Amino acid sequence: MSLQQVFQTPSPVALVTGSGSARVGRTVAEHLANLGCRVALHAHTSIHDAELAAKSIRTRFQTEAIVTNGSLADDATAERIVCQTHKTMGRIDILVNCAAIWSPKKLEEISGEDLRNYFQINAVGAFLCAKHAGLIMVDQSSGGCIVNIGDWATVRPYLDHAAYFPSKGAIETMTRSLAVEFSHRNRNVRVNCIQPGPVLLAEDMDVAQRERISASTLTGRIGTPQNIAHAVQFLCENDFINGVCLPVDGGRSIYAYDGLQVGLNTG
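All of the points below concern the structure found in this document.

Between its first and last C-alpha atoms helix H4 (residues 75–89) spans 23 Å; for 15 residues at 1.5 Å apiece the expected length is 21 Å, and the two agree. Among all positions of H4, only Thr77, Ala78, Ile81, Val82, Thr85 and Met89 are buried. Each buried residue of H4 sits inside an arc of 125° when the element is viewed along its axis, so together they form one side. Structurally, the start of H4 carries an N-cap: the backbone nitrogen of Ala76 is 3.0 Å from a side-chain oxygen of Asp74. Residue Gly90 follows H4 closely and has a positive phi angle near 85°.

Here you go:
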């Protein structure tokens, strides 16, 4: 089914957090706009970029686009951006929680404040956005769809991110819990999670490292933000999927290339 059929409206409304800068969230917002959604972008520090993106979306896709802003370090931000979206557009059909922070830091240097900051923005902020948007969706006969963005590497964490991964691991449990909570209130409200793999590498990463990361996936290549956007579309359109955490990682979560050749005929 199309998004219009699922949400029973010719112009579904999507709020995408962390969509100001040209990263995964922006690509998700643009993809949903291309599918006929009215979109609310969200930014904290990249407000100017978000305003330019909204203008571009209005021109390219002939659909409504607004900008919400604020730091999810403040609990009040979640309710405010959800209410702004609902007040301006009259409904909320899709919420995609893309906003997140991450940076490498050695275990010996991690403080309790570091841990609390990661949990506040990556987990608490996402939870509160989902709570406020989901309770609006509950009052809509067509319900709505919430998609949280987790991380494939919660099952195989890498070094120097010991404060980050616990906050992202919470997303998976939160997704299942909220799926139960909202379906109890309205069977048409669904909550799912996408766990991206390598889809957006640092611009200054050297060729050798890029090749190593490519070799670490079963597909033998790096993914793209569009792969994540398409997965969001799939989870929104398929109304029989609820409470699922979907890796979109080229198989990286089940495969680790070790350079060994297997299956050789040594006889």
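With that settled, consider the packing of aromatic side chains. Across all of its chains, the model carries three aromatic pairs by this definition. Residues Tyr164 and Phe165 carry aromatic rings whose centres are separated by 5.1 Å and whose planes lie at 65° to one another, so their mutual orientation is edge-to-face. In this pair, the class of Tyr164 matches that of Phe165, namely buried. Three or more aromatic residues joined by ring pairs form one cluster here, namely Tyr118, Tyr158, Tyr164 and Phe165.

You can see Asp93 is positioned in the loop between H4 and strand E4 (94–97). In this structure the side chain of Asp93 is engaged in a polar contact, spanning 2.7 Å, whose partner is the side chain of Arg91. Residue contacts for Asp93: discarding those within four places in its chain leaves Phe7, Thr9, Pro12, Val13, Met137, Gln140, Ser142, Gly144 and Cys145.

Phi is positive for Gln8, which is not a glycine, with a value near 55°. Assignment of secondary structure puts Gln8 in the loop between helix H1 (3–7) and strand E1 (13–17). Although it is not a glycine, Asp160 sits at a positive phi angle of roughly 70°. Here Asp160 shows up in the loop between strand E5 (144–149) and helix H6 (164–185). You can call Asp160 partly exposed: its relative accessible area is 32%.

The next point concerns the side chain of Arg190. Position of Arg190 among the secondary structure elements: in strand E6 (residues 189–196). No salt bridge is formed by the buried Arg190. Its closest oppositely charged neighbour is Asp239, at 6.2 Å. Polar contacts involving the side chain of Arg190 include one to the main-chain carbonyl oxygen of Ile241, which spans 3.0 Å.

In this section: the pattern of salt bridges. One side chain can pair with another of opposite charge once the charged atoms of both are near each other. Applying the stated criterion across every chain, the model contains six salt bridges. A salt bridge links Asp93 to Arg91; the shortest N-O distance between them is 2.7 Å.

This part takes up the packing of H4 against helix H5 (residues 112–138). Contact geometry for H4 and H5: axes closest at 9 Å, N-to-C directions at 35°. Viewed along their axes, H4 and H5 form a crossing whose handedness is right-handed. On H5, the residues that touch Asp75, Ala78, Glu79, Ile81, Val82 and His86 of H4 are Gln120, Val124, Gly125, Leu128, Cys129, His132, Ala133 and Ile136.

This part covers the nonpolar core. Among soluble globular proteins, nonpolar side chains are generally buried collectively. In this structure, Leu32, Ile94, Val96, Val147 and Ile194 are the most contacted members of the largest nonpolar core, which totals 36 residues. At six residues, helix H8 (residues 225–237) tops the list of elements feeding residues into this core. Those residues in contact with Leu32 that sit more than four places away from it in its chain are Leu3, Ala14, Val16, Cys37, Val39, Ile94, Val96 and Val232. In terms of nonpolar packing, the next biggest core, distinct from the first, is built from 29 residues, Leu95, Ala133, Val138 and Leu178 among them.

Thresholds, definitions, all that
- Residues numbered from 1 in each chain as written.
- Predicted model: local features only at pLDDT ≥ 70, side-chain atom pairs only at ≥ 80, totals over all residues.
- Heavy atoms only, no water.
- Helix = DSSP H or I, 4+ residues; strand = E, 2+ residues; numbered from the N terminus.
- Expected span 1.5 Å × (residues − 1).
- Buried < 20%, exposed > 50% of the residue type's maximum accessible area, 1.4 Å probe, protein only.
- Arc of directions from axis to C-beta.
- Polar contact = N/O pair within 3.5 Å; in protein donor to acceptor, adjacent residues only side chain to side chain.
- Phe/Tyr/Trp six-rings, centres within 6.5 Å; stacked < 30°, edge-to-face > 60°.
- Contact = heavy atoms within 4.5 Å.
- Lys, Arg positive; Asp, Glu negative; His and termini not counted.
- Salt bridge = Lys/Arg side-chain N within 4 Å of Asp/Glu carboxyl O.
- Axes fitted to C-alpha atoms, helices over the stretch in contact; angles between N-to-C directions.
- Left-handed = near helix turned anticlockwise from the far one by under 90°.
- Core = buried A, V, L, I, M, F, W, Y, C linked by side-chain atoms within 4.5 Å.

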